[in-house]
Amino acid sequence: SIGQGSIHGIIGENGAGKSTLMSILFGFYSADQGETKVKGQPVKIKSSSDAISHGIGMVHQHFMLIDPFTVLENVVLGAEGGKLIGPALAKARQELTRLARDYELDVDPDAIVGDLPVGLQQRVEILKAIFKGAETLILDEPTAVLTPQEADHLFRILGQLRDQGKT
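These numbers come from a predicted model, not from an experiment.

Colleague: Got a sec to walk through the nonpolar core? Specific residues and values, please.
Modeller: In this structure, V71 and I126 are the most contacted members of the largest nonpolar core, which totals 31 residues. Elements supplying a minimum of two residues to this core: α3 (71-76), α4 (85-102), α5 (118-131), β4 (136-139) and α6 (148-163). Each residue touching I126, except ones within four places of it in the same chain, is listed here: V59, L105, L137, L139 and L154.

Below, the structure written as structure tokens:
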């Protein structure tokens, strides 16, 4: 069980199942047994879309970004809002700018993701999850690829998310 507005760490040896558990919660794998509840209600999470619809976002150890796309394009990918993409992109840009400012996840929306250092790519992944409405954010091995300074910044960001009620 995890409470709203809290931070949890799961530790264990390699092969213990940490990443598998996170992938079950995000709908990549199906559980053999057990039950998943969100806000006390049992839910069936069969896909990442199901997880996102229940407010669960995930930042994978190996980022799921499209290198030649811009930050903005990566964030809106899958949430474009139909054929009127121009107005949707303008609105998405405003929201992305607000989220980046509010959570100290500053990154240029027009930067090409493949040109960004790993720490900034991770920020893009976090912004992508928050943009899609994540209230619970799963980070798989979040500090594995970060410098000590980037890890410190990540922990400050996570503290801000927690203080705003995100888990």
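Colleague: Tell me what's going on with the pairing of strand β3 (residues 56-59), and back it up with residues and numbers.
Modeller: Where burial is concerned, the two faces of β3 agree: the one with I56 and M58 and the one with G57 and V59 are both buried. The pairing of β3 with β4 spans four bridges and is parallel. By the bridge assignment, V59 is partnered in β4 with L139.

Colleague: Got a sec to walk through the side chain of Q121? Specific residues and values, please.
Modeller: As for its position among the elements, Q121 is in helix α5. If we ignore the near neighbours within four places in the chain, the residues touching Q121 are F63, L65, V113, G114 and L116.

Colleague: Break down a nonpolar patch on the surface for me, citing the residues and quoting the values.
Modeller: On the surface, F28, Y29 and M64 cluster together into a nonpolar patch covering about 310 Å² of accessible area. Locating M64 in the fold gives a position in the loop between β3 and α3. Given a relative accessible area of 44%, M64 falls into the partly exposed group.

Conventions we followed
- For every chain, the first residue of the written sequence is number 1, and numbering continues from 1 onward in sequence order.
- Residues qualify for local features only when their pLDDT is at least 70, as the model is predicted, and side-chain atom pairs are given and counted only at 80 or more; totals for whole chains, interfaces and linings, by contrast, use all residues.
- Values reported for side chains reflect all heavy atoms of the structure, with hydrogen atoms and water molecules removed beforehand.
- For this analysis, a nonpolar core means a set of buried residues of the types Ala, Val, Leu, Ile, Met, Phe, Trp, Tyr and Cys, connected via side-chain atoms within 4.5 Å.
- Three labels apply to residues, based on accessible area from a 1.4 Å probe with only protein chains included: buried if under 20% of the type maximum, exposed if over 50%, partly exposed otherwise in between.
- Each helix corresponds to a stretch of at least 4 residues labelled H or I by DSSP, and each strand to a stretch of at least 2 residues labelled E; elements are numbered beginning at the N terminus.
- Contact definition: two residues touch when any of their heavy atoms are within 4.5 Å.
- When DSSP finds at least two bridges between two strands, those strands are taken to pair.
- Residues enter patches when they are more than 30% accessible in relative terms and free of salt bridges; like-charged ones are connected within 9 Å and nonpolar ones (Val, Leu, Ile, Met, Phe, Trp, Tyr) within 5 Å.
- Reported accessibility uses the Shrake-Rupley method at a 1.4 Å probe radius. Residues are deemed covered only where the shown protein chains occlude them.
- Between Lys or Arg on one side and Asp or Glu on the other, a salt bridge is scored when a side-chain nitrogen of the former is within 4 Å of a carboxyl oxygen of the latter.

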